[in-house]
Amino acid sequence: MTDSFSGLVWHPQLSFDDGNIVLRVKAASPFGLNGSMDESEVQGSDNKEATHLHFRIHRSVLADHSEVFATMFNIPQPEQQSTDGLLIDGCDFIDMHDDCADLEKLLKVLYGYAPPYKRLHQSSLDYYEPVLVLAKKYAITQVIETYLPRVTDGWPTSLEEWELFETEINLITQKLQSQPTENNQDGDMIVQPSSVIRLSRHFENELLSILPSVYIHFSRLSPEMQNNTPECIASAKKGSFSANRNILLGQEFTKLLDGQWRISSYILSLAHTPNCVLDWPSSCNHVRYSTRCNSLGWWQTQLGEHFISNMRWIQGDILKTLKNVFRTFSDRPRESGPIYICDVCHSHISSQLGYEGHKIRKQTWTRIRGFFGINDISQT
């Protein structure tokens with residue numbers, strides 16, 4: 001059989017002289033560049049109208065990694081007559097219907113050319129998200145087992161891990177803020193929760209444990225930092241938290257909005273009925289300046305307003321709100337107009353917040369899954 005194709009465009013790194021199978025994929029742009037290669041890198045063609053990119057690789061590499069390709073290669077093929085069959089560069093070929101850039105990334109991973117995964121960095125998730133999706137499509141278990149844990153790594157599954165997450169992303173923010181913009185060649189930024197949600201469509205059970213923290217992180221972003229505009233991206237490259245709500249499906253966006261509403265309702269309940277989480281002082285008869293102690297009224301006017309103002313100030317970050325309010329409890333004045341709290345009741349509540357404040361935040365953490373309507377693993 002003869003090679004009936006000419007003017008081919010070959011991938012510069014993934015076209016081996018001893019390769020014995022050709023993957024042909026339609027490119028999104030001439031030369032199959034797709035933004036990932038420079039024109040000078042492309043091998044073997046001056047045809048600027050080329051619409052396909054070719055990878056000459058090894059059957060053994062595909063078969064060893066992929067159950068799908070292994071099965072395909074094991075299916076007996078009918079003998080082709082030399083007048084009927086076509087080869088590319090003397091090799092059998094497969095027309096691939098995947099995105100050109102995504103297939104290139106997957107093959108680079110299989111051949112060890114892929115960049116290292118940077119924890120909680122968007123550039124790494126941008127690279128490996130399509131790799132994982134294709135790895136699932138072609139049953140490449142080793143890639144999934146290697147890189148999916150790296151996606152989840154760093155996302156908290158408990159309040160204690162959340163505190164470490166806050167510290168880590170703040171350190172990344174400081175690093176991005178300190179470096180000149182021109183040094184950020186990858187356009188890197190802190191990982192966007194919207195990308196993790198999109199990946200969870202393909203790996204729901206595997207990512208279920210981190211989705212509460214992904215959604216709670218998303219929910220505290222201002223609307224301006226959720227729309228991926230040039231201004232949003234520029235700010236994100238300097239360390240601001242960001243997301244791209246435009247890539248969410250309708251049901252995912254609804255989860256986000258419902259979760260924000262439930263969080264606001266929960267904060268309002270804490271502001272007005274604190275006895276739902278605290279052992280409230282019994283009726284107090286202490287009188288000062290003809291004013292009877294009113295611990296509940298004092299909480300509602302002092303702490304209740306403090307809860308609400310904190311939620312506005314820090315964009316609905318419920319965990320930080322609780323920490324701030326509980327930490328500054330003792331700084332609040334004991335009198336608010338005609339409303340007064342006595343030392344005994346104040347001390348009783350203060351001691352609870354000192355010992356129970358962290359417990360209340362942990363209880364709140366367990367509610368996050370319900371806030372956003374995220375099913376428990378046992379229910380899926």
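This text goes with the structure placed above it.
Residues numbered from 1 in each chain as written. Predicted model: local features only at pLDDT ≥ 70, side-chain atom pairs only at ≥ 80, totals over all residues. Heavy atoms only, no water.

Looking now at the pattern of salt bridges. By the definition in use, this model includes 14 salt bridges. Note that Glu168 is salt-bridged to Arg119, the shortest N-O span being 2.7 Å. Of this pair, Glu168 sits in helix H6 (residues 159–178) while Arg119 sits in the loop between helix H3 (100–110) and helix H4 (122–137), and the two are 49 residues apart along the sequence. What makes Arg119 partly exposed here is its relative accessible area of 34%. The residue Glu252 makes a salt bridge to Arg201 at a minimum N-O spacing of 2.9 Å. Taken together, the residues Glu252 in helix H11 (residues 250–272) and Arg201 in the loop between helix H7 (193–199) and helix H8 (204–207) connect sequence positions 51 residues apart. Looking at Glu252, the relative accessible area reads 6%, which means it is buried. Here the salt bridges do not stand alone but share partners, grouping Arg119, Asp153 and Glu168 into one network. (Salt bridge = Lys/Arg side-chain N within 4 Å of Asp/Glu carboxyl O. Helix = DSSP H or I, 4+ residues; strand = E, 2+ residues; numbered from the N terminus. Buried < 20%, exposed > 50% of the residue type's maximum accessible area, 1.4 Å probe, protein only.)

What follows deals with the packing of helix H9 (residues 211–219) against H11. The packing of two helices is summarised by the inter-axis angle and the distance between the axes. Taken N-terminus to C-terminus, the directions of H9 and H11 make an angle of 75 degrees; their axes are 10 Å apart at the nearest point. Considering their axes alone, H9 and H11 lie roughly perpendicular with respect to each other. Contact residues: Tyr215, Ile216, Phe218 and Ser219 in H9; Glu252, Lys255, Leu256, Gln260 and Ile263 in H11. For the contact of H9 with H11, the class distribution of residues is five nonpolar, two polar and two charged. (Axes fitted to C-alpha atoms, helices over the stretch in contact; angles between N-to-C directions. Parallel < 35°, antiparallel > 145°, perpendicular 65-115°, else oblique. Contact = heavy atoms within 4.5 Å. Nonpolar A, V, L, I, M, F, W, Y, C, P; charged D, E, K, R; others polar.)

This part is about the sheet that holds strand S4 (residues 92–96). Reading across the sheet, the four strands line up as S1-S3-S2-S4 and stay open at both edges, with mixed pairing between neighbours. Taken across any chain shown, the strands that pair with only one partner, and hence form the sheet edges, are strand S1 (10–15) and S4. Strand-to-strand twist of the sheet, defined as the mean angle between neighbouring strand axes without regard to direction, takes the value 25 degrees. Sheet analysis places strand S2 (residues 21–26) next to S4, joined by five bridges and oriented parallel. Within S4, the position partnered with Arg24 by the bridge is Asp95. (Pairing = 2+ DSSP bridges.)

Let us now look at the environment of Asn205. Note on placement: Asn205 falls in helix H8. Taking relative accessible area as the criterion, Asn205 reaches 45% and is therefore assigned partly exposed. On a C-alpha basis, the gap between Asn205 and Asn375 in space is 9.8 Å, while along the polypeptide they are 170 residues apart.

Moving on to the side chain of His346. Residue position: His346 is located in helix H14 (residues 343–371). Taking relative accessible area as the criterion, His346 reaches 4% and is therefore assigned buried. What His346 contacts, discounting residues up to four positions off in sequence, is Trp298, Phe329, Ser330, Arg334 and Ile341.

For the structure on display, the rule yields 11 aromatic pairs. Ring centres of Phe69 and Phe73 lie 6.0 Å apart, and the angle between their planes is 35 degrees; on these two criteria the pair is classed as tilted. Taken together, the residues Phe69 and Phe73, both in helix H2 (residues 67–74) and four residues apart, mark about one turn of the helix. Assigned by exposure class, Phe69 and Phe73 land together as buried. (Phe/Tyr/Trp six-rings, centres within 6.5 Å; stacked < 30°, edge-to-face > 60°.)

Further remarks concern unusual backbone geometry. The residue Leu120 is not glycine, and still its phi comes out positive at about 60 degrees. With respect to the secondary-structure elements, Leu120 resides in the loop between H3 and H4. On the basis of relative accessibility, which here comes to 3%, the residue Leu120 falls in the buried class. Of note, Asn228 is a non-glycine position whose phi angle comes to about 60 degrees, a positive value. Residue position: Asn228 is located in the loop between H9 and helix H10 (230–237).

A separate point is the nonpolar core. Grouped burial of nonpolar side chains is what soluble globular proteins tend to show. Counting residues in hydrophobic clusters, the biggest one holds 97 residues, and the most contacted among them are Ile57 and Trp299. In contact with Trp299, other than residues within four places in its own chain, are Leu270, Ala271, Pro274, Leu278, Trp280, Gly304, Phe307, Phe329, Ile349 and Leu353. In terms of nonpolar packing, the next biggest core, distinct from the first, is built from five residues, Leu8, Trp10, Ile88 and Cys91 among them. (Core = buried A, V, L, I, M, F, W, Y, C linked by side-chain atoms within 4.5 Å.)

Enumeration over the complete set of coordinates arrives at three cavities of 30 Å³ or more. In this structure, the largest cavity encloses a volume near 50 Å³. Tyr117, Leu120, His121, Leu125, Arg150, Val151, Asp153, Trp155, Val191 and Val196 together form the lining of the largest cavity. When the residues that make up the lining of the largest cavity are grouped by side-chain class, the tally is seven nonpolar, one polar and two charged. (1 Å grid on protein atoms, 1.4 Å probe; cavity = no way out; pocket = protein on both sides within 12 Å on 5 of 7 lines; lining within 4 Å. Points joined across faces, edges and corners; volume = space filled by probe spheres on them.)

Below, the discussion takes up the environment of His11. As for its position among the elements, His11 is in strand S1. Once the C-alpha coordinates of His11 and His54 are considered, the two residues, 43 residues apart in sequence, prove to be 6.0 Å apart. One polar contact links His11 to Glu104, side chain to side chain, over a distance of 3.1 Å. (Polar contact = N/O pair within 3.5 Å; in protein donor to acceptor, adjacent residues only side chain to side chain.)

Here we come to the packing of H11 against helix H13 (residues 318–327). Packing of H11 against H13 brings their axes to within 11 Å, and their N-to-C directions diverge by 15 degrees. Of the possible angle classes, the one that applies to H11 and H13 is roughly parallel. Along this stretch, H11 crosses H13, giving a crossing that reads as right-handed. Contact with H11, carried on its side by Ile263, Tyr266, Ile267 and Leu270, involves Ile318, Thr321 and Leu322 of H13 and no other residues of that element. In terms of residue class, the contact of H11 with H13 is built from six nonpolar, one polar and no charged. (Left-handed = near helix turned anticlockwise from the far one by under 90°.)

Coordinates in, geometry out; function isn't part of it.
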